[in-house]
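Okay, here's what each chain looks like letter by letter:
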Amino acid sequence: MSHHRIVISPGARSKHYWSDLWRYRGLLGFLAWRDVMVRYKQTSIGVLWAVIRPLLTLSAMWFIGWLFGAGVPEGVPRILLVAAATMPWQLFASAFDGAANSMIANSNLVTKVYFPRMILPFSTVLVSLIDMAVALLILVVLMLFHAHLPGPEILLLPVFLVQAILAALGTGLFIAALNVKYRDFRYIVPFVVQFGLYITPVAFSSSDVFGNPSIPEVLKFIYACNPMVAVIDGFRFSLFGGDLPIHWPGFLTSLTMCVLLLVLGVRYFRRTEKGFADII
Amino acid sequence: MGSAIITAEGLGKKFVLQAQRERYTALRDVLGKKARNLLGGGGGQASTNEFWALKDLSFTVQEGDRVGIVGRNGAGKSTLLKVLSRIVDPTEGRVEINGRLASLLEVGTGFHPELSGRENIFLNGSILGMSRAEIRARFDEIVAFAEVERFLDTPVKRYSSGMYVRLAFAVAAHLEPEILIVDEVLAVGDAEFQRKCIGKMKEVSSGGRTVLFVSHNMAAVQNLCNTAMYLSHGQLVSQGPTDQVVAEYLRAADGSNGSELASRNDRQGNGAIRFTQLALCDGQGRSIAAAQTGADLRMDLHFSAGHGPLRNLHVAMGIDDVYGQRILHLSNETTGQIFDVADGSSRVSIHMPRCPLLPGSYGFTLFSTVNGEMADYLLNAGTFHVESGDYFGTGRLPAGDQGSFITDHRFTLS
Ligand SMILES: Nc1ncnc2c1ncn2[C@@H]1O[C@H](COP(=O)(O)OP(=O)(O)OP(=O)(O)O)[C@@H](O)[C@H]1O
Ligand SMILES: [Mg+2]
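Residues numbered from 1 in each chain as written. Chains lettered and ligands numbered in written order. Predicted model: local features only at pLDDT ≥ 70, side-chain atom pairs only at ≥ 80, totals over all residues. Heavy atoms only, no water.

### Comments concerning the domain arrangement of chain B
Often, the extent of an interface is quoted as the loss of accessible area on bringing the components together.
Residue and element names in this part refer to chain B.
Part 1: Each domain of chain B was delimited in the assignment, giving domain 1 (4-18 + 46-251) and domain 2 (259-387).
Part 2: Inter-centroid distance (C-alpha atoms) of domain 1 to domain 2 is 35 Å.
Part 3: Counting from both sides, the interface comprises 5 residues of domain 1 and, opposite them, 5 residues of domain 2.
Part 4: Of the roughly 420 Å² buried between domain 1 and domain 2, counting both surfaces, carbon and sulfur atoms make up 54%.
Part 5: Counting every contact that joins domain 1 to domain 2 gives 0 salt bridges.
Part 6: At the junction of domain 1 and domain 2, the tally comes to 0 residue pairs in polar contact (both at pLDDT 80 or more).
Part 7: Sort the elements by how many residues they give to the side of domain 1 that touches domain 2 and helix H7 (residues 218-224) lands first, with 3 residues. (Domains from an automatic or database assignment. Contact = heavy atoms within 4.5 Å. Buried area = accessible area lost by both parts, 1.4 Å probe. Salt bridge = Lys/Arg side-chain N within 4 Å of Asp/Glu carboxyl O. Polar contact = N/O pair within 3.5 Å; in protein donor to acceptor, adjacent residues only side chain to side chain. Helix = DSSP H or I, 4+ residues; strand = E, 2+ residues; numbered from the N terminus.)

Rendered as structure tokens:
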């Protein structure tokens with residue numbers, strides 16, 4: 001007999017939750033692969049969508065920034081400034097959207113097979129990373145076109161990429177778990193994505209907010225509570241360096257929120273996941 | 001003798017039945033309560049919306065056992081398998097499992113219609129817990145078992161439903177866990193395929209693997225399993241050698257004889273009539289508990305009907321053997337008796353001179369139409385029992401496993 005031993009009892013939390021998650025990485029990969037395959041089989045221009053979507057958002061945000069005369073630092077073309085924010089925002093938006101809907105979208109799996117449920121949101125994040133790779137290419141092309149070479153700060157970029165993913169996962173896990181019980185949360189997702197685009201520094205930059213004396217402090221604080229603020233400020237910093245210095249109090253507030261949401265999201269998800277199959 | 005591979009102690013699972021959520025729940029509840037009080041039902045206790053699908057279940061399964069799990073619809077069989085598979089969390093109790101467990105609760109879980117057969121084999125295999133290397137190693141076997149070589153690169157949405165099921169079962173059949181859990185998957189596919197599946201499952205289990213197998217097909221259970229468990233209302237009624245347990249299950253199903261059809265709510269039809277009871281009577285019209293082979297039998301189908309005449313009343317009764325196979329269909333349409341009845345009827349009787357059914361349990365399904373519209377349809381309405389009797393006046397009947405029927409016949413020698 002093998003040494004595989006499982007004890008099932010009410011509310012027992014697997015001591016090996018995270019190693020279990022690691023053991024199921026094969027399934028994680030397959031689910032992400034499935035989503036990508038299906039997407040490209042169902043759409044006739046397949047891969048092109050991964051290019052068109054960020055390009056459209058980019059143009060719109062560029063236009064809005066230009067229309068309202070959002071500040072642009074010396075020597076940085078507006079289009080680059082906006083592109084540096086559109087990319088992480090797109091990553092966040094698609095990862096958040098995917099994660100939040102992942103349980104409902106795979107309810108047949110949830111009720112028929114065992115696996116650590118977190119596999120599902122994780123796999124949707126993998127899918128959005130592929131989109132992100134395409135969008136990143138656009139950014140590279142734009143930077144080459146404007147002959148803008150980043151400094152050594154570019155080495156920090158992966159850190160902020162990870163942060164964008166964690167921000168999406170934290171919120172996504174929360175909504176995913178809530179979505180199982182209260183389907184109303186499905187309607188919150190598009191709202192967050194749409195509304196978020198306007199309160200996140202995509203068309204403008206954080207210095208427009210923090211540097212504006214006519215904005216009350218409390219609003220500045222609320223603005224900084226958005227976990228994506230730190231991500232985007234970080235992105236711009238790693239691409240444009242000293243041209244766009246980080247506003248530290250705001251950055252730290254935003255970072256704290258990101259970590260807080262992640263911890264709460266993971267905890268809430270783990271606390272409720274045992275009951276998913278009962279009610280989904 | 002193997003050692004215990006699954007040990008369950010006091011297992012229970014409670015579901016909270018959720019009412020349809022609406023926006024003004026609180027307000028509606030308050031108003032509802034007021035209305036109830038006004039109508040005089042005030043003292044009545046609000047019905048709890050909790051429900052124990054499994055209760056106080058303790059059992060052990062030995063290594064290498066092939067366990068059949070039987071029970072009526074809603075007995076909790078699937079819920080038990082889900083608890084063992086860690087899909088749902090038990091509410092109380094404890095289970096210890098000593099081995100790698102794979103479960104097949106549905107054929108083709110996670111199949112995606114847009115993906116090709118080849119892609120789905122990998123996806124489904126991985127969902128069922130196989131590693132990429134394992135799937136690759138068994139790929140050819142799976143394809144050969146499913147007989148879909150030519151369609152490997154066709155999206156499965158273009159498969160016939162038979163091909164789809166074959167492919168899905170093939171993947172699952174090539175799992176190699178120490179414990180295999182299978183829920184009612186043989187209900188699909190044609191007879192040929194079912195035979196192949198049972199063969200494959202036998203092969204799997206003869207390799208010393210432990211199998212838990214839920215089915216309503218008693219022949220399959222008896223064929224495949226060496227022990228069985230009988231669940232009823234979430235509780236374990238008996239566990240032991242398959243034949244004993246199956247016999248007990250079939251006997252207990254008799255409980256519905258001459259009974260509770262009125263309270264059944266799994267019926268279809270417009271309700272112009274509703275069957276309330278099947279009662280068995282002998283040739284003199286005396287009520288009997290079981291029919292007897294060779295004795296005159298009258299089956300009284302009691303029904304309730306609204307007022308007014310029943311135009312063109314058509315009543316049919318299907319009789320099934322213990323394996324769920326339809327063996328008889330009795331209908332006033334085929335006998336050419338058309339009923340146009342006035343107000344006040346409440347019983348249709350089927351007279352069967354010299355009952356030709358051999359001793360055993362039989363299930364029955366009831367169907368009726370009034371004026372061409374389905375009035376009442378009760379699938380698997382219940383069972384009745386036939387006792388041994390003297391058909392030929394010789395005191396002899398064929399042995400128990402020699403069919404379900406007897407009929408008048410004569411031998412000559414020339
Ligand atoms: N998620 C759920 N929420 C509420 N009730 C449930 C849930 N799942 C199952 N039940 C109830 O639990 C009972 C047992 O269901 P289960 O599916 O285990 O029956 P079963 O023995 O497999 O029946 P069948 O032979 O029809 O497959 C049923 O009354 C069912 O309605
Ligand atoms: Mg079932």
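Next comes the rest of the account.
### Quick word on the packing of helix H2 (residues 25-42) of chain A against helix H3 (residues 117-127) of chain B
Part 1: Interhelical geometry of H2 of chain A versus H3 of chain B gives an angle of 145° and a closest axis separation of 9 Å. Taken as a pair, H2 of chain A and H3 of chain B cross one another with a handedness that is left-handed. Mapping the contact onto sequence places Gly26, Leu27, Phe30, Leu31, Trp33, Arg34, Met37 and Lys41 of chain A in H2 of chain A and Glu119, Phe122, Leu123, Ser126 and Ile127 of chain B in H3 of chain B.
Part 2: Along the lines of polarity and charge, the residues of the contact of H2 of chain A with H3 of chain B split into 8 nonpolar, 2 polar and 3 charged. (Axes fitted to C-alpha atoms, helices over the stretch in contact; angles between N-to-C directions. Left-handed = near helix turned anticlockwise from the far one by under 90°. Nonpolar A, V, L, I, M, F, W, Y, C, P; charged D, E, K, R; others polar.)

### Looking at the site of ligand 1
Part 1: As a structural note, the neighbourhood of ligand 1 is formed by 14 residues, with Gly74, Lys77, Ser78, Thr79 and His216 of chain B the closest of them.
Part 2: Close to ligand 1, residues of chains A and B are found.
Part 3: Glycine 76 of chain B places a polar main-chain atom, nitrogen or oxygen, 2.9 Å from an oxygen atom of ligand 1.
Part 4: When the free accessible area of ligand 1 is taken as 640 Å², the share hidden by the protein chains comes to 66%.
Part 5: Among the secondary structure elements, those contributing two or more residues to the shell around ligand 1 are strand E2 (50-62) and helix H2 (77-84) of chain B. (Near = heavy atom within 4 Å. Areas by Shrake-Rupley, 256 points an atom, 1.4 Å probe, with all protein chains shown as cover.)

### Regarding the interface of chain B and chain A
Part 1: With 41 residues of chain B at the interface, the matching set in chain A holds 34 residues.
Part 2: Interface area, chain B with chain A, both sides summed: about 3,600 Å², of which 60% is carbon and sulfur.
Part 3: Run the count over chain B and chain A and you get 4 salt bridges.
Part 4: For the salt bridge of lysine 112 of chain A with glutamate 106 of chain B, the shortest nitrogen-to-oxygen distance reads 3.9 Å.
Part 5: Run the count over chain B and chain A and you get 6 residue pairs in polar contact (both at pLDDT 80 or more).
Part 6: Every element with two or more residues in the side of chain B that touches chain A is listed here: strand E1 (4-16), H2, strand E4 (92-97) and H3 of chain B.

### So, the sheet that holds strand E17 (residues 347-352) of chain B
All names here are of chain B.
Part 1: The strand order across the open sheet formed by 4 strands is E11-E10-E13-E17, and the pairing between neighbours is antiparallel. Edge strands, defined here as strands with exactly one partner in the open sheet, are strand E11 (287-288) and E17.
Part 2: In the sheet, strand E10 (residues 273-282) pairs with strand E13 (residues 297-305) via 9 bridges, with the strands oriented antiparallel. Counted as the bridge partner of leucine 278 is leucine 301 from E13. (Pairing = 2+ DSSP bridges.)

### Some points on the environment of histidine 4 of chain A
Part 1: Mapped onto the secondary structure, histidine 4 of chain A falls in the segment before strand E1 (6-8).
Part 2: A relative accessible area of 28% places histidine 4 of chain A in the partly exposed class.
Part 3: In contact with histidine 4 of chain A, other than residues within four places in its own chain, are Ile97, Asn98, Gly99 and Arg100 of chain B. (Buried < 20%, exposed > 50% of the residue type's maximum accessible area, 1.4 Å probe, protein only.)

### Considerations on the state of the cysteines
Part 1: For the structure on display, the rule yields 0 disulfides over all chains.
Part 2: The thiol of cysteine 225 of chain A is unpaired, and the distance to the nearest cysteine sulfur, on cysteine 258 of chain A, comes to 12 Å.
Part 3: Cysteine 355 of chain B carries a free sulfur, and the closest cysteine sulfur to it, the one in cysteine 281 of chain B, is 13 Å from it. (Disulfide = S-S within 2.5 Å.)

### Topic: the sheet that holds strand E6 (residues 179-183) of chain B
The strands making up a sheet are joined through hydrogen bonds of the backbone, oriented either antiparallel or parallel.
All names here are of chain B.
Part 1: Reading across the sheet, the 6 strands line up as E5-E6-E7-E3-E8-E9 and stay open at both edges, with mixed pairing between neighbours. Looking at the sheet topology across the chains shown, the edges are occupied by strand E5 (101-104) and strand E9 (235-241). Neighbouring strand axes in the sheet, compared pairwise and without regard to direction, differ in orientation by 15° on average.
Part 2: Taken together, the 4 bridges between E5 and E6 define a ladder with parallel strand orientation. Note that in E6 the partner of alanine 102 across the bridge is leucine 180.
Part 3: Relative to the sheet, H2 contacts strand E3 (66-70), E5, E6, strand E7 (210-214) and strand E8 (227-232), its axis offset from that of E6 by approximately 150°.

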